[in-house]
Amino acid sequence: MPAYKAPVEDTLFLLNDVFQFQRYNNLPGFAEATPDLVEAVLGEGARLCEEVLQPLNRSGDLEGCTRKPDGTVTTPKGFKAAYEAFAGGGWIGLALDPEYGGQGLPYTLGAIMNEYASSANMAFAMYPGLTMGAMAALNVHGSDAQKRTYLPKMAEGAWSGTMNLTEPHCGTDLGLIKTKAVPQGDGSYAITGTKIFISAGEQDITENIVHLVLARIEGAPAGTKGISLFVVPRNEIAADGSVGANNKVTCGSIEHKMGIHGNATCVMNYDGARGWLVGEENRGLAAMFVMMNEARLGVAIQGLAQSEVAYQNAVAYAKDRLQGRALTGPKEPGKPADPLFVHPDVRRTLMSIKAFNEAARAFVIWNALKSDVAHRSADAAERQAADDQLGLMTPVLKGVLTDVGFDNAVKAQQIFGGHGYIAEHGMEQFVRDARIAMIYEGANGVQAMDLVGRKLGRDGGRAIMAFFNEVGGFVKANEGDAALKPLLGPLAASLGHLQQATMWFMNNALARPDNAGAGADDYMHLLGLVSLGYMWALMAKAAQEKLTAGGDERLAAKLVTARFFMERSLPETAAHLARITAGADTTMALEPELF
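Visitor: What is the right way to look at the side chain of N367 in this model?
Guide: Residue position: N367 is located in helix 8 (residues 344–376). In this structure N367 comes out as buried when scored by relative accessible area, which is 0%. The residues contacting N367, other than those within four sequence positions of it, are Q389, L390, M393 and L397.

Following this line, the structure appears as structure tokens:
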């Protein structure tokens, strides 16, 4: 049976030594997050994930969700009690304003907890994760009355939240939305339409569900400029906050899907349901993007999370499984064969996953801290710089971490050989669960096009130039450090590849947009590799300083892993550059009938 242990020690190293978490004490919520409190919070969160959520992962996958004839949905055994434990620990409102029942702690801690929960039980973690995203959207764009009505109940776990975007005829192209909203004269709207692929759209773990629904008000402009956002509770809410009858919101069916079986993916029908406008008329996408951006970071974390739990189980198997002899002679002569760990190809596979996981975790925390700065800093310049980075890196986080996370789940499965294909070992579930993260919240090809088509040139390229300057500045500032020299050369070379690719787009994509489209995925992964390489440089510097001061062998392992990444993973930037600069000619040459 699979197991999971939350990487608390590695997380604390990143927070305390790499990113100096306490430097942010000027931001609201950070002063309260003392090192002792952070360690206690992460330790308690790890215990919950390891002891409560992880044991339900396989059983939840096998049982799945069931829709009854009346449209209600039953979640797997144990999920409701686990949700109560999760909510009871204050995890849902961890970063929410205390005015609405939250704890006001940094968002960064919530992102870390999301990794632990998603590794332990990804299908379960989606229930509170979507609720937190809905809370974020309401907190930014909701009226005071809406915040008072919904946020405290959601923070305590009595009510959950969802996002309703997709319709049968449109996925990414939200301008095609047909769900309509008719004003009722009392401030409410009658919402009518069908939404599909709604994660956690119906369930039996909370007494109410708060749906955030994109719809078009009668007479609104066509396309995305005519979309508004509405809050539509599943059940009516009385003036005293009590929950009443169904609000003409029903689950038409649940999808039978490849993975995340423990999460109810629903077709939702709105038949004149009462909803209330969130934010401004025809500005629904702007309001929903608060939730979508948080969701995209959350999905990026899912990619890392499945890579991590698959890796942990592959390492355990490689230590125990006896197969063949080492190329350099028997290492366990008293046994019929040596452990898998003696084989260089097994080592290569596991090292590549390890090197990605640790850098990806740093990449997530680096950007989560930027989110805290963007939302909490009193300094306008700091907020703008942080927001610039988030805008640039969100598609990279989502696209790269889920692409590679899925690949790593497959690699970890491969370590098991035929046993990896058998359900009882749990590896095939990690592969199935990881696959959806590449698709939802904007498929990864869309993320790449968002990066190249919108984010790269925004504000005259201010965000990418800031990244060039930060990484280049780090290389220059540390060029005299002999311990870092093996890392800085490869990092500088890959940064050069990224700069060349950026310049090539500037010279070749404006006149012929297909060049941008054909190279977008490679550019996204190129930027991702340089970012991960930068994370390794930061980690290596911090590890070297601690090692010099008397640290243990785990810090020495950081330095070895950093060198492995620079030698084995970062050189791929040259291939990405070559593909980008090949242009779109052969990509676009064939007529469809020749495929």
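Structure's up, so let's keep going.
Visitor: Would you mind showing me how to read helix 13 (residues 485–508) here?
Guide: For the α-helix, the turn length of 3.6 residues means that residues three or four positions removed from each other point alike. For helix 13, with 24 residues, the first-to-last C-alpha span of 35 Å sits near the 34 Å given by 1.5 Å per residue. Among all positions of helix 13, only L487, L488, L491, S494, L495, G496, H497, L498, A501, T502, W504 and F505 are buried. Next to the buried residues of helix 13 lie helix 11 (444–455), helix 12 (462–477), helix 14 (513–548), helix 15 (553–569) and helix 16 (572–581).

Visitor: Before we go on, may I ask you to explain the nonpolar core in this structure?
Guide: Most often, soluble globular proteins have nonpolar side chains that are buried together. Counting 188 residues, the largest nonpolar core has F19, L401, F467, Y523, L527 and M535 as the members making the most contacts within it. Looking at this core element by element, the count peaks at 18 residues for helix 14. Those residues in contact with F19 that sit more than four places away from it in its chain are L14, Y24, A362, I365, W366, L369, M535 and L538. The next biggest cluster of nonpolar side chains, apart from the first, holds seven residues, and it includes M122, A123, M126 and V299.

Visitor: How do you make sense of empty space enclosed by the protein when you look at a structure like this?
Guide: Leftover empty space is mapped by rolling, across the atoms, a probe with the size of a water molecule. For the structure on display, the rule yields two cavities of 30 Å³ or more. Each pocket or cavity is described by its volume, and for the largest cavity that value is around 60 Å³. What lines the largest cavity is simply T11, T108, A111, I112, E115, L304, R361, V364, I365 and A368. Those elements that place two or more of their residues in the lining of the largest cavity are helix 5 (107–141) and helix 8. Of the residues belonging to the lining of the largest cavity, the class tally is six nonpolar, two polar and two charged. What lines the second largest cavity is simply L56, N57, G60, D61, F79, N121, A123, I260, H261, G262, Q429 and D433. At the level of elements, helix 3 (57–63), helix 5 and helix 10 (427–436) are the ones that each hand at least two residues to the lining of the second largest cavity. Broken down by element, the residue count for the lining of the second largest cavity peaks at three residues, all from helix 3.

Basis of the calculations
- Residues numbered from 1 in each chain as written.
- Predicted model: local features only at pLDDT ≥ 70, side-chain atom pairs only at ≥ 80, totals over all residues.
- Heavy atoms only, no water.
- Helix = DSSP H or I, 4+ residues; strand = E, 2+ residues; numbered from the N terminus.
- Buried < 20%, exposed > 50% of the residue type's maximum accessible area, 1.4 Å probe, protein only.
- Contact = heavy atoms within 4.5 Å.
- Expected span 1.5 Å × (residues − 1).
- Core = buried A, V, L, I, M, F, W, Y, C linked by side-chain atoms within 4.5 Å.
- 1 Å grid on protein atoms, 1.4 Å probe; cavity = no way out; pocket = protein on both sides within 12 Å on 5 of 7 lines; lining within 4 Å.
- Points joined across faces, edges and corners; volume = space filled by probe spheres on them.
- Nonpolar A, V, L, I, M, F, W, Y, C, P; charged D, E, K, R; others polar.

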